[in-house]
Amino acid sequence: MKRLITLLPAFLLTGTVLFARQRSDEEAIRAVADNILKQPVTQFVGVKTGTVYNSTSEIPEGEDVTFKSPLTEWHYSNGVLDMSMVNLGTYLEQPEYIEYAKKHVAFGFANFEYFKNSFRFDRNHWHWPFGQLWNFKELDDCGAMGAAVIEVCGLDPRPEYKEYIENAACHIMEGQDRLEDGTLCRKTPRQMTVWADDVYMSVSFLAQMGKMTGEKKYFDEAAKQILQIGNYLWCPEKQLFYHCYYTDYQRNGVAFWGRADGWIMVSLVRLLEVLPAGHPQRNELIAMTERQIVGASRYQNARGMWHQLVDKSDSYDESSVTAMYVYGIAKAINNGWIDADYQRIVWAGWQALKDTQITEEGYFRNVCVGTGITDDLPFYYNRPVGENEKHGLGLIIDTAVEVMKLKEKLGRK
């Protein structure tokens, strides 16, 4: 028996399944997107009764409800997913993927008033259906979802969308907590803490806002946040970004958590894609992108994956950070910001994702659940992975699109 185990492929030894049928890139990502379309994005369900409701007008008085699917939530991961479905639908010329995002946003605006008017203070706003739509507290509430509303508003302009966008811009530009130097930060769980995640939670919106309005102040703010948060979090020895920085301790946290690093990568390339050619920070941001890519490449393992804790090879292979790195490198090559020789990193990572992390049914596997900050590494080591976890769905879709574009660019099958 021991001899048989030693002969098993590396993918099986790490708990990863190598799916038998070799699919094209398009077939693999269509499986993911089509599986998403099967899930109800416009339904509620009674907490105690299990009764399904198609709108708040159907809910009996006093009935406590939740979303039928987590994909209906107004959460930053849903904003990432909405934008990715528009991206995929545009690339493949498949309107049903674009309609998914339009339906999700429209459902939120059609139903949030019900929950706003019946809100009870025994529950945090982010645990209340659509609470993050009408109650901005942190960047998580309105950054990525705000960016998705901008995207949808370009396809389906509505006054209520525009009002929401203006409110989100006001919160991010003026309302969110900041350090004395203007760096965005959070009050919880520790006062005035800088998070890597907040690069994306702010820049995803600011980049879209700059693109929509053409106003320089949004591009300037986006560039400022990436560069300043990056300065707080960058570790020259590891060539990675820490998850957080504590201003009261004046030190970083303990973890190089994969998805946090990935948010910075994604933010950089998405900002560069829309940043005006003559922007004074453009070259600095391109250099920062290449520096992060070189650092990250040193931790890609033999299977083509990155780890949950990027610098810890005894932590599990994690799919969302792998997708984010592959996406960022592919987009940087596609736009000519880095040399095409970096493509080898892309192919190794994409092959692992497509062949071992996307199931025949279109589930995306081994994605870490939502993660806060803490000062013990076991917390990060032991974060569970979800079955088709919502934090990874939009990321793998965008990654597939960028990889397909890169193959077209380089004439690679």
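These figures come from a predicted structure and were not determined experimentally.

1. A short note on the overall build of the protein
Each helix and strand in the protein was counted, giving 16 helices and twelve strands. Its C-alpha atoms give the protein a radius of gyration of 21 Å, near enough to 22 Å, the size a compact globule of 413 residues would have. By principal-axis analysis of the C-alpha atoms, the protein measures approximately 65 × 50 × 45 Å. For the protein, with 413 residues in total, the buried portion stands at 60%. For the protein, contacts bridging at least 24 residues in sequence account for 66% of all contacts bridging at least 6. Carbon and sulfur atoms form 50% of the exposed surface of the protein, whose accessible area is close to 17,200 Å².

2. Regarding the sheet that holds strand S1 (residues 44-46)
Strand order in the open sheet formed by three strands is S2-S1-S3, with antiparallel pairing between adjacent strands. Strands at the two margins of the open sheet, each flanked by one partner only, are strand S2 (52-53) and strand S3 (65-67). Summarising the sheet, S1 and S2 pair through two bridges and their orientation is antiparallel. Residue pairing across strands places Phe 44 opposite Tyr 53, the latter belonging to S2.

3. Looking at the pattern of salt bridges
Pairs can form between side chains of opposite charge once their charged atoms are near each other. Scanning the entire structure with this criterion turns up 20 salt bridges. Among the ionic pairs, Lys 217 bridges to Glu 215, the shortest N-O distance being 3.7 Å. Relative accessible area serves as the criterion here: at 43%, Lys 217 is assigned to the partly exposed category. Under the relative-accessibility criterion, Glu 215 is labelled partly exposed at 37%. Between Lys 331 and Glu 402 there is a salt bridge, and its shortest N-O distance comes to 3.2 Å. Taken as a pair, Lys 331 in helix H13 (residues 319-334) and Glu 402 in helix H16 (residues 390-410) lie far apart in primary sequence, 71 residues in all.

4. Considering the layout of surface pockets
The space that makes up the largest pocket amounts to roughly 840 Å³. Of all the secondary structure elements, the ones that give two or more residues to the lining of the largest pocket are S3, helix H6 (131-134), helix H7 (139-155), helix H9 (197-213) and H16. The calculated volume of the second largest pocket comes to roughly 470 Å³. Considering the residues around the second largest pocket, the lining is formed by 20 residues, among which Asn 87, Glu 151, Gln 208, Arg 270 and Glu 273 are closest to the centre. At the level of elements, helix H4 (76-92), H9, helix H11 (258-274), H13 and H16 are the ones that each hand at least two residues to the lining of the second largest pocket. Residues of the lining of the second largest pocket, tallied by class, amount to seven nonpolar, five polar and eight charged.

5. A few points about the confidence of the model for the protein
The predicted model of the protein averages 94 in pLDDT, with 94% of residues at 70 or higher. Here residues 1-16 is modelled with pLDDT under 50, and outside its nearest four sequence neighbours on either side it reaches 15 contacts, counting other chains as well.

6. Side note on the environment of Met 305
The topology assignment puts Met 305 in the loop between helix H12 (282-297) and strand S9 (306-307). Of the residues examined, Met 305 reaches a relative accessible area of 1% and is grouped as buried. For Met 305, the residues in contact, after removing those within four places along its chain, are Tyr 299, Gln 300, Asp 317, Glu 318, Ser 319, Thr 322, Ala 352, Leu 353 and Gln 357.

7. Description of unusual backbone geometry
Generally, phi is negative for residues other than glycine and the peptide bonds are trans, each holding for most cases. Here the amide bond leading from Thr 188 into Pro 189 is cis, since omega sits at 0°, within 30 degrees of zero. For Pro 189, the position within the fold is in the loop between helix H8 (159-175) and strand S4 (193-195). Here the phi dihedral of Phe 130 falls at roughly 60°; this positive angle occurs in a residue that is not glycine. Following the sequence through the fold, Phe 130 ends up in the loop between helix H5 (95-117) and H6. The backbone of Asn 388 sits at a positive phi, close to 60°, despite the residue not being glycine. Taking relative accessible area as the criterion, Asn 388 reaches 11% and is therefore assigned buried.

Criteria and cut-off values
Residues numbered from 1 in each chain as written. Predicted model: local features only at pLDDT ≥ 70, side-chain atom pairs only at ≥ 80, totals over all residues. Heavy atoms only, no water. Helix = DSSP H or I, 4+ residues; strand = E, 2+ residues; numbered from the N terminus. Rg over C-alpha atoms; globule rule 2.2 N^0.38 Å. Buried < 20%, exposed > 50% of the residue type's maximum accessible area, 1.4 Å probe, protein only. Contact = heavy atoms within 4.5 Å. Areas by Shrake-Rupley, 256 points an atom, 1.4 Å probe, with all protein chains shown as cover. Pairing = 2+ DSSP bridges. Salt bridge = Lys/Arg side-chain N within 4 Å of Asp/Glu carboxyl O. 1 Å grid on protein atoms, 1.4 Å probe; cavity = no way out; pocket = protein on both sides within 12 Å on 5 of 7 lines; lining within 4 Å. Points joined across faces, edges and corners; volume = space filled by probe spheres on them. Nonpolar A, V, L, I, M, F, W, Y, C, P; charged D, E, K, R; others polar. pLDDT = per-residue confidence, 0-100.

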